[in-house]
Amino acid sequence: MRRKRHLLLLFGMMLMQALACPGCDSPGEDASLEELAAEETPAEEEADREAAEDGQEETAEEEKSRIYVYVCGQVEYPGVYELEEGDRVFQALEAAGGLTEAAAESWLNQAEILTDGGRIYVPDREEAAAFREAGEVPETGNGGGAAGEDGKVNLNTADREELMTLSGIGETKADSILQYREEHGPFQSIEEIQQVDGIKDGTYQKIKDQITVK
């Protein structure tokens, strides 16, 4: 808009000059006016510079927003997937076609934010149980879930499937733990699990090194 007003002003000056002195146009003067018309005002130059910088920043932002994550294990289509910065684990799993029927779904913290170059490994249920038995966790870039970093089952976040990976904990006892948690709130200590129906000291001694309440 500024440039348009600038050009209109110049053309007005040229028109006034032509009317005041018909036939005395000077090629040099015309050239000077054309050069002046081609020049940008400081404000226009600043606006152009800011527009160019904004364009560079937008391009840099677009490049920065792309991340690549390797999804493998119990997913339908393992591979490297391009996602957006800020996406979460569940979106990476969706990109890979979702989980298989054998996947230990709650092993992963599916709400965790992805990291560029990360590796999402989904174990099957038998693997997950073996990992916990050995006190290990699968090698992932964003792993988590009901198991903590030490491979222990978190009594306050584990579902029935996760609880049943504990030594001596079957379906009935797992349901009792979930019911106790629903009625009494989060466990305050691992010893509190002995207050759950069907879980006495013998069972507690078997699982005390496999559980946490973090």
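Residues numbered from 1 in each chain as written. Predicted model: local features only at pLDDT ≥ 70, side-chain atom pairs only at ≥ 80, totals over all residues. Heavy atoms only, no water.

Visitor: Would you mind showing me how to read a nonpolar patch on the surface here?
Guide: Together, Y68, Y70 and V80 give the surface a local cluster of nonpolar side chains, amounting to about 310 Å² of exposed area. On the basis of relative accessible area, Y68 is assigned to the partly exposed category, the value being 42%. (Patch = residues over 30% accessible without salt bridge, like charges linked within 9 Å, V, L, I, M, F, W, Y side chains within 5 Å. Areas by Shrake-Rupley, 256 points an atom, 1.4 Å probe, with all protein chains shown as cover. Salt bridge = Lys/Arg side-chain N within 4 Å of Asp/Glu carboxyl O. Buried < 20%, exposed > 50% of the residue type's maximum accessible area, 1.4 Å probe, protein only.)

Visitor: Any chance you could explain the sheet that holds strand 2 (residues 79–84) here in plain terms?
Guide: By way of backbone hydrogen bonds, the strands of a sheet pair with one another, either parallel or antiparallel. One open sheet accounts for 3 strands, arranged 2-1-3; its pairing is mixed. Across the chains shown, the open sheet's two edge strands, defined by having one partner strand only, are strand 2 and strand 3 (119–122). Taking each pair of neighbouring strands and ignoring which way they run, the sheet shows an average axis angle of 30°. For strand 1 (residues 66–73) and strand 3, the ladder comprises 4 bridges, and the chain directions are parallel. Counted as the bridge partner of Y70 is R119 from strand 3. (Pairing = 2+ DSSP bridges. Helix = DSSP H or I, 4+ residues; strand = E, 2+ residues; numbered from the N terminus. Axes fitted to C-alpha atoms, helices over the stretch in contact; angles between N-to-C directions.)

Visitor: Mind showing me how you'd approach the pairing of strand 2 here?
Guide: Working note: regular strand, side chains alternate between the two faces of the sheet. As paired strands, strand 1 and strand 2 are joined by 6 bridges and run antiparallel to one another. When the sheet's bridge partners are listed, R66 is paired in strand 2 with E84. Counted between consecutive antiparallel strands, the loop separating strand 1 from strand 2 contains 5 residues.

Visitor: What am I meant to see in the nonpolar core here?
Guide: Most often, soluble globular proteins keep nonpolar side chains buried together rather than apart. Counting 18 residues, the largest nonpolar core has V71, L93, L114 and I120 as the members making the most contacts within it. Breaking this core down by element, the ones donating at least two residues are strand 1, strand 2, helix 4 (89–95) and strand 3. Ranked by size, the runner-up nonpolar core spans 17 residues in total, among them I169, F187, V196 and I211. (Core = buried A, V, L, I, M, F, W, Y, C linked by side-chain atoms within 4.5 Å.)

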